[in-house]
Structures are given as structure tokens and as C-alpha cells.
Amino acid sequence: MEGTGAFGRAARTGRDVGARIAGALSSGALYTFLFATITALFGSAYTLVISPVIVIFRTRRNAVIPLELLPRIAVSLIALNALAHLATTGAGWCVALNAAVPFLLALVQSSQFEPKAYFGYVMAFVFLELKPLTPAGFAVQLAATAYAALVLTAVLALTRWLKGRAPRPERDLDEGLETLARVLDRIAEGEGAESLASEATALERAFDRLCYRARGLVRAPDGVAMRYYHYATLFQRAVYLLDDASWQRGDEHAIDPSSFHDLAALVRQVRAARTPEEHAVIRRCLQMLLDLVEMPEGRVRIFFRSMLHTLMLIVSDEPARGRRLAVAGMAPAREVLRSVLDLINPDAAQFRFATRLAAVMATTSTISLLWGFEHVYWLPLNAFLLLMPSYEESAHRMRTRPVGTALGCILVFACGHVVQGTLAVYAFCMVMILFVYACTPGSWQQAVFSSSFALMMASLTIGEATAMALRLLFVLLAVAIVLVVNRFVLPSRRERIYEGNKRQLMRIEDAYWDLVAASVVRHVPQHRSGEMLSAFHLVYEEAYAYAQGLADAAERSRETGRLVVLWHMFSEVEQVEYLVQSGELPDGDLALVRTLAMRLKGRPAVSSTSHATVALIDEVASDDLRYALHRYVENGRRLAS
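Definitions and limits used
- Residues numbered from 1 in each chain as written.
- Predicted model: local features only at pLDDT ≥ 70, side-chain atom pairs only at ≥ 80, totals over all residues.
- Heavy atoms only, no water.
- Helix = DSSP H or I, 4+ residues; strand = E, 2+ residues; numbered from the N terminus.
- Buried < 20%, exposed > 50% of the residue type's maximum accessible area, 1.4 Å probe, protein only.
- Contact = heavy atoms within 4.5 Å.
- Areas by Shrake-Rupley, 256 points an atom, 1.4 Å probe, with all protein chains shown as cover.
- Core = buried A, V, L, I, M, F, W, Y, C linked by side-chain atoms within 4.5 Å.
- Expected span 1.5 Å × (residues − 1).
- Arc of directions from axis to C-beta.
- Axes fitted to C-alpha atoms, helices over the stretch in contact; angles between N-to-C directions.
- Parallel < 35°, antiparallel > 145°, perpendicular 65-115°, else oblique.
- Left-handed = near helix turned anticlockwise from the far one by under 90°.
- Nonpolar A, V, L, I, M, F, W, Y, C, P; charged D, E, K, R; others polar.
- Patch = residues over 30% accessible without salt bridge, like charges linked within 9 Å, V, L, I, M, F, W, Y side chains within 5 Å.
- Salt bridge = Lys/Arg side-chain N within 4 Å of Asp/Glu carboxyl O.
- Phe/Tyr/Trp six-rings, centres within 6.5 Å; stacked < 30°, edge-to-face > 60°.
- Lys NZ or Arg CZ within 6 Å of the ring centre and 35° of its normal.
- Polar contact = N/O pair within 3.5 Å; in protein donor to acceptor, adjacent residues only side chain to side chain.

## Focus: the overall build of the protein
- Each helix and strand counted, the protein has 26 helices and two strands in total.
- Residues classed as buried in the protein amount to 53% of the 641 residues present.
- For the protein, restricting intrachain contacts to residue pairs at least 6 apart in sequence, the fraction spanning at least 24 positions comes to 79%.
- Accessible area of the protein: about 28000 Å², with a carbon and sulfur share of 62%.

Dropping the structure here:
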């Protein structure tokens, strides 16, 4: 086992350095190959596509890549090339496309899980419009892009095969159920709730990420995605039980601990079942338990019954209340529109960044097109590299980029007398590329080597002094533009994003109440509740990380406490939705649920909830439903206080 002392730190550092060198060598080798072949086949003027291709390669080489994604990458690059050319045909097209394309790519592809997922594709669009081309030149550039995309897909397919990186959803699902079963066994053995809660939370977050990656804007979730949603729900309910204060105090432990062993055994049976016949046997067992097992009212009863129902959904083709598993294919137009409208949210970090990116690229690309000055395309290029989703990272780059550029000018000036001739310049530039990919992105060291590369390549067509002056000018101008946009266009400092995240959490909770009310009277697609769960935790994780990092201890305690209460309230709405979906509530309770959902929606701090609403909750016949609603109101009062 690796030590935690100096030896262990040295070993980890050695591995990190080794991985960085290996990554730089593979990226540099692919860049050199593409540069040499594109120059030979199409000409050196058509090499701008290489940088975005390498960025996509670097972000995808260690990822689990579905085969169907590879042709989509190639088609996307070719489509972006066509849009980039159209953007160079006039100022109107330039403004419109540079506002729309980066905005949509950043909005749709980015998330808190993958904030820079947009980067390679927006880079492709930006870089491919840097040099306006004639129709004949565009045809050559399109061919060069298609060639680079073909090489990229071939390399990614080879990497996928060599590393065995094919997606293995069944393994994820099996391992998740086994971990859940072990957690249940350890609960039965009396292990502390706190350590178990942290383990279950890590598992739930892992499945939230799988849920996010399995969904698509225009694709309906397939069977695997639906199972990810079910599993994430299982883990959410386990975490909610373990995090409950009354459970930790032992107030609700008055049950036979062997019940948790029994539940763990059922989870393992669900994991092992493969055939329809085995699923049918497990469904009968689960139904018998639902019919026969009696537990006192409270958190544990809801936990057990909701677990059994969710396990039933996992081994069933026809979920409760007539809901059917979604079939892979195109999502209904109404759901696509709803998903798009959900993205247009001024509180969301993705929307705010996408808006700033659109403003910066529309401004700098239009200046580049209209000015027409030599190498003015360095303005949008640098502006794109300076603007980051994180305000703090963007501010850091606005310091490191000018410093690195100035040092790069000094390096090129020192080497210019030695590096003579086209081949020597190309060799120097390939070495600089290796250093670029070995450095930390956004560091001043990376800026030194990238500027040295650009300046040495520019020296083939313009004077060295002129190239240096232009490079510094356009870097400083890009810094000024990005600084203004970051300050005045939907600014996104961390504290502002945190406040927006809290508002988002409340909006998601309101939307869940809408879902509860709708599911009382009509069919609601089953994946909607899973998407709500994934969306809530996507925002909650980012907000909680910020709150934990607050310097003031009292403020940190207050904010983390508020977030935990919000999460408890969301979990209680989720429990209400489960009870509606289970099909066990009498008609009178269903009518009350619909009324209460409308009353409680929009009141996360329910201290103002009227006595009439509380009295209405007391009329609920189902013990489980009444318990969940009262807990929601109690937590709302805690939030208000």
C-alpha cells in the first residue's frame, strides 16, 4: 500500500509528471502528423483545424466513448467549418453566427460536471473563421477538416480499443447495487450513520453523473438511462435515511435490524437476475413483502417501501400506474422545447457564461473581419482563450497571457538568429507544441510556448519585430474586451453564482411540486423525476462546495445548514411523488395531494404556511404521506428561522 509521507507524495508526483509527459507526447505526435500531412496534401494555410482537433482528442482520449459518438464528432467539425465560412461572408453573418453558435454550444454542452465540454467545438468554429477564404479555398479547407476529423475518429477508436474503454453500463449498475447491499448490511450491523452516509453520497453522485451523460437534448432516455435514474433514486433514499437527525440519535431504530439484511439480500437478487423468468420471481417476492411487511409510521417505513417499489421498477417492464419504460429514439417535441427553455435561466452559470462568450466572440470576430489588418485574427483567438466559465480562472488568464506573450517575444528574438529556413522553423514550432501540451492550461508558461509557436510561424510571412508588436497589441486589446464583458455582461463571480444556485434549487423544488400535481391526474414520463433528481444534485453539489469553502465559520455553518435543509425538503417532495406513483393512495388523498402541491409550491420557507394548509395535511389518510408532508413543513420552518 502506498504511503502517505514523503515517499507517497513523491510517487504521486512522479505518476503525475509521467502522465503529463505521456499526454504531451501523444498530443504532440498527433499534431505533428496532422501538420505534416495537411501541409503536404492541402497546404500550410489550412492547418488551423489542427488545434481544435487536438483539444477534442485530449478531452476524449481517456473517456469512455460510445462508438456512435465518433461519427457525430466528425460531422460536427464539418458542419462548424461550413458555419465558420458563412460567418466570413459579411458583417451581418459574422455578428449573428458568432453570437449564436458559441452561445448554443456552450449552453447545450457544458454543465457543472463538465464546464469546458464546449471548448474544442467552439475553438473549431472560431479558428476556422480566422482567415476568410474564397469559395475555392473553402472547398480545400472543408476537405482538410474532413481529413482531420477522419484521423481523429480513427485515433479515438484505436485508443478506445487499446484501453478497453467501451462503455460498460451493466458493470456500473452491478457494482452500484453491490455497494448498496453492503451499506444495508452495515446498517444492520450497527455501523455509524455518518461514515455510511458519505459512502452512499459518493455513490449517488456517481450515478447522478451517469444520469446526466445518458440523457440528450433531443433523445428519449433508453433502458440503460432509465436504470441509471432508478439507481440514483435508490441511493438518494439511502442517503436521506442516513442523514436524518432522528435516525442518527436512534429515535427510529425500534425495528428488527435483520430487516436491513433482508433488504440487502433482495438487492443482490435483483443484481443477479438476468432472465424474464428470474425477474418475474423477484417481482412476486417484492409484492409479497409490500403486502405483508408492517412497520411503524416514520422514516424507516417510507424508506423500506420506496426501496421495494424502486426495485420493482428495475425488474419490471410496466411500472406502477401504467407508466412504461421509455424506448430509445427521439424525444417528443414538447419535451425538447421544455429542455431548451430550462437551459435559458439567468441564474445558471452555463447561461451566463454562454452569453458572455457570445458577446466576446461577436465583438472580436466582427472587428477582425471589418478591420482586415494583418494578423488581426489574433484578437478573437486570444479573446476566446482568455474567456473561461470561471470568473476567477478568466481573471488569472488575463494576467498570465500578457506576461507569457512578452516572454515568448523574448524567446523568439533570442532564437530567431539560430532558427533559419522553413524546415528549421517547422521543427522549432513542433518542439514548442510539445511544451504547450505539457504545461498547465492557462499558465504563463503555456502562454510563452504558444506565443513562441505563433510568432515563429508568422515570421515566415512578416517581419519578426512586426509580428511581436502585433501579438502584444492584440493580446492587450483582447484582455480589455474580455475584462469589460466579464464586468458588465451577466458577471459571474463565485458569490453571485452561489446566490443563483440557491434560487435554482428552489425553482427545481417548485417544478417538482408541479410534477407531483400533474402525476395525480395524468401520465407523466417516468424519467422526469429522475431528471429532477439529477438536476437538483448537479446544482446542490456546486453550491455546497462553495458554502464549505467560506472563511467565516458562522457563515459557513449557516449556509451549509440551509442547503442541507433544502435537500431534505427536496427529498420529501420526492417521497410524495413516490407515494403517488406507487398507486397505493386512496382517491381522497390524491385530491389532497394536488391541492397541497399548489399551496406549498413557491414556499420553500413555509413559516407563512397557513393553519388551513397544516389542517389539510392532518386530513390525509395515508400515514406515510402525512408523515412526509409534515416533515416538509417542519423543514420549511427551520429554513425560515
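Having seen the structure, we can now continue with the description.
## Considering the nonpolar core
- If you look at the biggest cluster of nonpolar residues, it comprises 100 residues, and the most contacted ones within it are Y31, L34, Y118, L357, W378 and F384.
- Contacts of Y31, omitting those with residues within four sequence positions, involve I50, S51, I54, M430, I433, Y437 and F453.
- In terms of nonpolar packing, the next biggest core, distinct from the first, is built from 96 residues, A518, A543, Y546 and Y578 among them.

## Quick word on helix 3 (residues 69–87)
- For helix 3, with 19 residues, the first-to-last C-alpha span of 27 Å sits near the 27 Å given by 1.5 Å per residue.
- Within helix 3 the residues assigned to the buried category are L69, L70, I73, A74, L77, L80, N81, A84, H85 and A87. Each buried residue of helix 3 lies within a common arc of 160° when the element is viewed along its axis, so the set occupies one face.
- The inward-facing, buried residues of helix 3 abut helix 2 (50–60), helix 4 (91–109), helix 5 (119–128), helix 6 (135–163) and helix 15 (349–371).

## Digging into the packing of helix 3 against helix 6
- Contact geometry of helix 3 with helix 6 gives a least axis separation of 9 Å together with a crossing angle of 160°. With respect to helix 6, the axis of helix 3 lies roughly antiparallel. Relative to helix 6, the crossing made by helix 3 is right-handed. Contact with helix 3, carried on its side by L70, I73, A74, L77, I78, N81, A82 and H85, involves F138, Q141, L142, T145, A146, A149, L152, T153, L156 and A157 of helix 6 and no other residues of that element.
- Residues belonging to the contact of helix 3 with helix 6 are distributed by class as follows: 13 nonpolar, five polar and no charged.

## Structural notes on a nonpolar patch on the surface
- A contiguous nonpolar patch, built from L337, V340, L341 and I344 and spanning about 340 Å² of accessible area, is present on the exposed surface.
- Along the polypeptide, L341 turns up in helix 14 (residues 333–343).

## A look at the packing of aromatic side chains
- Here the structure, examined in full by the defined rule, presents 18 aromatic pairs.
- Look at Y540 and Y544: their rings are 5.7 Å apart centre to centre, the planes differ by 20°, and that puts the pair in the stacked class. One end of the pair, Y540, and the other, Y544, are both in helix 22 (residues 527–548), four residues apart, so they sit about a helical turn from each other.
- Put simply, the rings of Y512, F536, Y540, Y544 and F570 touch in pairs and so form one group of aromatic residues.
- Directly above the aromatic system of W378 lies the positively charged group of R471, at a separation of 5.1 Å from the ring centroid.

## Focus: the environment of L550
- Mapping L550 onto the fold places it in the loop between helix 22 and helix 23 (553–581).
- Setting aside its immediate chain neighbours within four residues, L550 contacts E555, R556 and E559.

## So, the environment of Y147
- Looking at the secondary structure, you find Y147 in helix 6.
- C-alpha separation for the pair Y147 and L41, spaced 106 residues apart in sequence, amounts to 9.8 Å.

## Points about the packing of helix 15 against helix 20 (residues 464–488)
- Running from amino to carboxyl end, helix 15 crosses helix 20 at an angle of 145°, the nearest separation of the two axes being 10 Å. In this structure, helix 15 crosses over helix 20, and the sense of that crossing is right-handed. Of the residues in helix 20, those touching helix 15 at R356, A359, V360, T363, T364, I367 and W371 are F474, L477, I481, V482, V485 and N486.
- Here the residues of the contact of helix 15 with helix 20 are counted per class, giving nine nonpolar, three polar and one charged.

## Digging into the pattern of salt bridges
- Inspection of the entire model under this criterion finds 14 salt bridges.
- Among the ionic pairs, E178 bridges to R268, the shortest N-O distance being 3.3 Å. Taken as a pair, E178 in helix 7 (residues 169–188) and R268 in helix 11 (residues 258–272) lie far apart in primary sequence, 90 residues in all.
- A salt bridge links D347 to R507; the nearest nitrogen and oxygen atoms lie 2.7 Å apart. Of this pair, D347 sits in the loop between helix 14 and helix 15 while R507 is found in helix 21 (residues 494–521), placing the two residues 160 residues apart along the sequence.
- Overall, D347 belongs to the buried group, its relative accessible area being 10%.
- Residues participating in the shared-partner salt-bridge network are E178, R182, D185, R268 and R271.

## Details of unusual backbone geometry
- The backbone of L490 shows a phi angle near 40°, a positive value even though the residue is not glycine.
- Here L490 shows up in the loop between helix 20 and helix 21.

## Here we look at the side chain of E574
- Looking at the secondary structure, you find E574 in helix 23.
- Setting aside its immediate chain neighbours within four residues, E574 contacts T233, R237 and Y512.

## Here's the deal with the side chain of S622
- You can see S622 is positioned in the loop between helix 25 (611–618) and helix 26 (623–640).
- Looking at S622, its side chain comes within polar contact range of the main-chain nitrogen of L625, at 3.2 Å.
- With residues near it in sequence (within four places) discarded, S622 still touches L585 and D589.

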